[in-house]
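# Understanding the architecture of this molecule
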Amino acid sequence: MSVKIGPYSLESEFRDDTDFDDLQDRLGLHPLSRRQLHFDPNNQETRLAAVYADDGTLISVAFGESGGAVSASFGDDITLFRDFLSVNDQNAVNIIRDDLRKWSQNRGAKEMLGPMSVDLSALRGVRMGTHTHTTALGLPDNPAYFSDLLEGCGFLPAQDLYSFRVEINPNARIAKLANYVRKRHPGITIRNFDTTAIESEIAHVVRIYNDAWSDHWGFIPLTETVLLQAFEAMQPLFKEELAFFVMIDGVEQGVSIGIPNPTPLDPENPVKSVRGMLFGVAREFQKRGVDIMLIDNAYAACQSNGFGEAEIGWILESNASWLAQIKSVFRDQMIAENHFRIYQMQF
């Protein structure tokens, strides 16, 4: 489909397979935040809205998602949009909005959320404001005007997300809290991830993660198939010593997985860094100090393996207690706070 709208053309397929990557190049996105193109034009539950200028250049794009896993997580009244990219052109983004809104309404939806996706590899949210350092693995990077463009065409904030860049150095506060938990609960132990038993380890992660976060806003359940695919994609970066479980009475009840960033967070300060990719404690054992045991072990593992910095998050604004705890525990090591936003539009 191609529709001429003034000086623009709206397309439902890319004119060239390189257009998506070319737009990311022109926007100067950090290598760790490059969007991966996963789009099947024959899938009726997805939608591509791509706006081209008169010279044939792709200038704005977003993908819609509906049905299936979207309906299972959010209900039939909601669609998602992901991988929003655009030059600073409000008219082009308005065309994207109109197309995805009409597509959503035709599918019976009453609301659209994004940028987010049921795809584990997709980036969530728009990075807000200007920033003084680059992004980390799995976190979005974008020009500051992205939020202005979305708000300019009627999107409203749905949920803010935060991540925290911290320095890895001795932290007496964490050590003191962890020692207290060990004395109070001597039966708690920690073991590392075992890649020789990957399928059973993945099953433990999925069980813990889904139990830990299912009551939180925007929760999308993990599946063993999806997580195994993610593990296989990241296997060249994976380090067993940065992935571990908390064991209580011989059962895995907490998990923390860190992945080394393949490039420095800050080119002017090229220290080794870790991205905290996945964290969770089974609900039965939350607020008992198990989270502190995980943080302490992760911190020690980073130190012993020569990592100087870590990016922790993202964390929902609605998870106020966890936000407060992270800010308190790492207040002396805090380098920067990153702010992201997921938007909504009702119709």
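Please refer to the structure higher up on the page.
The following paragraphs examine the structure supplied in this document. Since we're looking at a predicted model, the values are computed, not measured.

What counts, and where the lines are drawn
All chains use their own residue numbering, which begins from 1 and follows the written sequence. Local features in a predicted model are, by the rule used here, given only for residues with pLDDT of at least 70; side-chain atom pairs are given and counted only at 80 or more, and totals for whole chains, interfaces and linings are based on all residues. Side-chain numbers come from the whole structure's heavy atoms, not from hydrogens or water. Note on aromatic pairs: the rings of Phe, Tyr and Trp (six-membered ring only in Trp) are paired at centre separations within 6.5 Å, and the planes decide the class, stacked below 30 degrees, edge-to-face beyond 60, tilted for the rest. By definition here, charges over rings are those cases where NZ of Lys or CZ of Arg is within 6 Å of the ring centre and within 35 degrees of the ring normal. Nonpolar side chains (Val, Leu, Ile, Met, Phe, Trp, Tyr) within 5 Å and like charges within 9 Å form the patches, drawn only from residues with over 30% relative accessible area and no salt bridge. All accessible areas in this document rest on Shrake-Rupley with a 1.4 Å probe, and a residue is counted as covered only by the protein chains that are shown. Salt bridges, as used here, are contacts in which a Lys or Arg side-chain nitrogen is within 4 Å of a carboxyl oxygen on Asp or Glu. Secondary structure is summarised from DSSP: a helix means a run of H or I of at least four residues, a strand means a run of E of at least two, and numbering begins at the N terminus for each. Each residue is assigned to one of three classes by its accessible area relative to the maximum for its type, calculated with a 1.4 Å probe on protein chains only: buried under 20%, partly exposed between the two thresholds, exposed over 50%. As a rule, the C-alpha atoms of each element are fitted with a line to give its axis, helices using only the stretch in contact, and angles between N-to-C directions run from 0 to 180 degrees. Orientation categories follow fixed angle ranges, with anything under 35 degrees roughly parallel, anything over 145 roughly antiparallel, 65 to 115 roughly perpendicular, and all other angles oblique. Each crossing is labelled by how the near helix is turned from the far one, with a counterclockwise turn of less than a right angle marking it left-handed and a clockwise turn marking it right-handed. The contact definition used throughout considers only heavy atoms, calling two residues in contact when any of these lie within 4.5 Å. Classification used: nonpolar for Ala, Val, Leu, Ile, Met, Phe, Trp, Tyr, Cys and Pro, charged for Asp, Glu, Lys and Arg, polar for all others including Gly. Of the two site types, the cavity is a set of points on a 1 Å grid over the protein atoms alone where a 1.4 Å probe fits but cannot get out, and the pocket is an open set with protein on both sides within 12 Å along at least five of seven lines, each lined by residues with an atom within 4 Å of a point. Grid points are joined across faces, edges and corners, and a volume is the space filled by probe spheres set on the points.

## Looking at the packing of aromatic side chains
Following the criterion strictly, the structure yields 13 aromatic pairs and no others. Ring pairing ties together the aromatic residues Phe193, Phe231, Phe238 and Phe245, which thus form one cluster. The ring of phenylalanine 63 has arginine 82 lying over it, and the distance from NZ or CZ to the ring centre is 4.7 Å. Here lysine 272 stacks its cationic end above the ring of phenylalanine 307, 4.5 Å away from the centre of that ring.

## A word on a nonpolar patch on the surface
Together, Met1, Val3 and Ile5 give the surface a local cluster of nonpolar side chains, amounting to about 230 Å² of exposed area. Residue position: methionine 1 is located in the segment before β1 (2–5).

## Re the pattern of salt bridges
All chains considered together, the criterion is met by 21 salt bridges. The salt bridge partner of aspartate 25 is arginine 34, with a shortest N-O separation of 2.7 Å. Its relative accessible area of 25% is what places arginine 34 among the partly exposed residues. A salt bridge links arginine 82 to aspartate 83; its shortest N-O distance comes to 2.6 Å. Three or more residues are tied together by salt bridges with common partners; here these are Asp21, Asp25 and Arg34.

## Looking at the packing of helix α8 (residues 290–304) against helix α9 (residues 320–329)
Packing of α8 against α9 leaves a shortest axis separation of 13 Å and a crossing angle of 40°. By the angle between their directions, the pair α8 and α9 is classed as oblique. Where α8 crosses over α9, the two elements pack in a sense that is right-handed. Residue-level inspection shows Asp291, Ile292 and Ile295 of α8 in contact with α9, the latter providing Trp322, Gln325, Ile326 and Val329. Looking at the contact of α8 with α9 residue by residue, the class counts come to five nonpolar, one polar and one charged.

## Brief notes about empty space enclosed by the protein
The final tally for this structure, using the stated rule, is two cavities of 30 Å³ or more. Here the largest cavity defines a volume of roughly 50 Å³. Looking at the lining of the largest cavity, the elements that each hand over two or more residues are β5 (78–86) and α3 (90–106). With four residues, the single largest contributor to the lining of the largest cavity is α3. Considering only residue class, the lining of the largest cavity consists of nine nonpolar, no polar and one charged. If you add up the space inside the second largest cavity, you get close to 40 Å³. Around the second largest cavity, the lining residues are Arg35, Asp83, Phe84, Pro115, Leu123 and Gly125.

## Notes on the packing of helix α6 (residues 198–213) against helix α7 (residues 224–234)
Think of two packed helices as two axes; the pair is described by the angle between the axes and how far apart they sit. Running from N to C, α6 and α7 cross one another at 120°; their axes reach a closest spacing of 10 Å. If you check the angle between α6 and α7, you find them oblique. Once α6 is placed against α7, the crossing between them reads as right-handed. For the pair α6 and α7, contact is made by Ile198, Ile202, Ala203, Val205 and Val206 and by Glu224, Leu227, Leu228 and Phe231, respectively. Per-class residue counts for the contact of α6 with α7 are eight nonpolar, no polar and one charged.

In short, geometric facts, not functional conclusions.
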